[in-house]
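Here are the chains, one letter per residue:
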Amino acid sequence: MSAGHASRTSKTVGTAWGLLVLNTLGSAGAKTIIPLPRSLIQMVTMGALVAAFALALVVNLRLRIRAGACLFLLTLLLVPSVISSADLESGFGALFRCARLALFVGTLWLLSRWWDGGLTFVRHHIRMYFAVLGSVAAGLVVSPGAAMPELYGGRLVGALWPLTPPQIGQYAAVITGLTVLLVLGRRTDKAGAAVVIVPSLVLLALTHTRTATLGLFIGLALAIGSLILTSAAARRFFAWAVLCAAVAAVAFASALQAWFLRGQSKENFSNLTGRAKVWDALLAAPRSTSEKLFGVGLGDKSFGGLPIDNSWLAVYHEQGLTGVTLVSAIIIVLGGVALLRPPSLQRACAIFLISYCAIASYTEAGLGDASPYLLHLALAASLLAAPAAEIPPSTPELPRRHIPRWARRPEVP
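Residues numbered from 1 in each chain as written. Predicted model: local features only at pLDDT ≥ 70, side-chain atom pairs only at ≥ 80, totals over all residues. Heavy atoms only, no water.

Undergrad: Any details on helix H6 (residues 120-142)? Residues and values, ideally.
TA: With 23 residues, H6 extends 33 Å from end C-alpha to end C-alpha; this agrees with the ideal 33 Å at 1.5 Å per step. Of all the positions in H6, only Phe121, Val122, His124, His125, Ile126, Tyr129, Val132, Leu133, Val136 and Gly139 are classed as buried. (Helix = DSSP H or I, 4+ residues; strand = E, 2+ residues; numbered from the N terminus. Expected span 1.5 Å × (residues − 1). Buried < 20%, exposed > 50% of the residue type's maximum accessible area, 1.4 Å probe, protein only.)

The structure is reproduced here in structure tokens:
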């Protein structure tokens, strides 16, 4: 393969990954400066998914794939989704979401050909989500009132594209953690990393998203801990981080507590801003045997008109115990493979992503449907994939030199 063709293929693969990110942004969120019809947003996001599948198919016409447990389990997740959605209890939207999930997983299968344990997809991930955060920052500059509305308690939202505070916090936390690990692994310079990390942390602070903040710190602690024995830079960073955290906890205890509580009462905080009431009602609702096994079909991750905000209960509600088992298997398999890998930067990035998704699953939904969380786990799977075996180039046979008849030496009898 020529260098030019390889470069074009790499750009196409990166574009397909970016389109998957665009598809998972969703269509529900805050009011934007310029009102965008939800139908238009859905058209853009679904068009992005179709375009991503088409691009992945164009660069992989021979359908070469890298088989892996993560993608296999994701494919199996389609089974309870289709079974529960077929009776249309959740409406035709359930079948539409099944088709979306199938197209999403199919695109990942096509892109798996380039999953070689490298950091290429990490860079694609960071670039695309940083562009999304750029639109959030632009909305904050253009209209601070629309970007931090009273409806969301003054928390940062997307004013140009409808994004909620938890979404923005998630994107900021994930690319911050990955960029920090790239710096520790000396895969990027500190100046370039600061351009990503500093504004991302500012946006994360403005969202007041506790789950994303805890996921960032705990995920980074686990990821850097996996590098301590082999990286002096990781040991220095970990030591300084612990020292700074201890000083901040003492000096800014009251400010940190106020930020963490977000003005809520202790009672409201204890029931997780009303989430616990929705969870109790969901678990207490009567279900048939079929609904317990396969759920009620893919929906909008709500129960009784209120968001579920828990991946495990959302999967149980929509895909049943079968879906919960498969999603659990995905995280367990990825976590097990990560623990068995020798220490490396790729392993550390995978540990960060897996731990972040596991922590966020408690107060965020999305592990059972096409979402950023499934994309994070797919990225972790690409980092844990074994490098493709290189086929040694065959030595071309040298052409035999023609010797004229008169120059040939006669054989000695």
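Undergrad: Any chance you could break down the environment of glycine 134 for me, citing the residues and the numbers?
TA: Mapping glycine 134 onto the fold places it in helix H6. For glycine 134, a relative accessible area of 36% corresponds to the partly exposed category. Expressed as a C-alpha distance, the spacing of glycine 134 and proline 199, which sit 65 residues apart in the sequence, is 9.1 Å.

Undergrad: Let's hear about the side chain of serine 226: which residues, and what values?
TA: Its location among the elements puts serine 226 in the loop between helix H10 (210-225) and helix H11 (232-251). Since its relative accessible area comes to 14%, serine 226 is described here as buried. With sequence-adjacent residues up to four places away left out, serine 226 is seen in contact with Pro343, Arg347, Ala348 and Ile351. (Contact = heavy atoms within 4.5 Å.)

Undergrad: Just give me the short version of the confidence of the model for the protein, but keep the residues and values in it.
TA: Per-residue pLDDT for the protein has a mean of 86; in total, 87% of the residues score no lower than 70. Counted against residues more than four places away or in other chains, residues 390-397, with its pLDDT under 50, gives 0 contacts. (pLDDT = per-residue confidence, 0-100.)

Undergrad: Hey, could you go over the packing of aromatic side chains for me, with residue numbers and the actual values?
TA: For the structure shown, the criterion picks out 4 aromatic pairs. Centre to centre, the rings of phenylalanine 352 and tyrosine 356 are 6.3 Å apart; their planes meet at 40 degrees, and the pair counts as tilted. Here tyrosine 356 and phenylalanine 352 lie together in helix H17 (residues 345-360), a separation of 4 residues that amounts to about one turn. Each of the two residues, phenylalanine 352 as well as tyrosine 356, counts as buried. (Phe/Tyr/Trp six-rings, centres within 6.5 Å; stacked < 30°, edge-to-face > 60°.)

Undergrad: So what about empty space enclosed by the protein? Which residues, and what values?
TA: Following the criterion strictly, the structure yields 1 cavity of 30 Å³ or more and no others. In this structure, the largest cavity is lined by Pro166, Gln170, Thr209, Thr211, Ala212, Tyr356, Ala360, Glu364 and Tyr373. Every element with two or more residues in the lining of the largest cavity is listed here: helix H8 (165-184), H10 and H17. Of the residues in the lining of the largest cavity, the class split is 5 nonpolar, 3 polar and 1 charged. (1 Å grid on protein atoms, 1.4 Å probe; cavity = no way out; pocket = protein on both sides within 12 Å on 5 of 7 lines; lining within 4 Å. Points joined across faces, edges and corners; volume = space filled by probe spheres on them. Nonpolar A, V, L, I, M, F, W, Y, C, P; charged D, E, K, R; others polar.)

Undergrad: How would you sum up helix H18 (residues 372-384)? Please name residues and give values.
TA: Over its 13 residues, H18 extends 18 Å from the first C-alpha to the last, a length consistent with the 18 Å expected when each residue adds 1.5 Å. Most of H18 is tucked away, with 13 of its 13 residues classed as buried.

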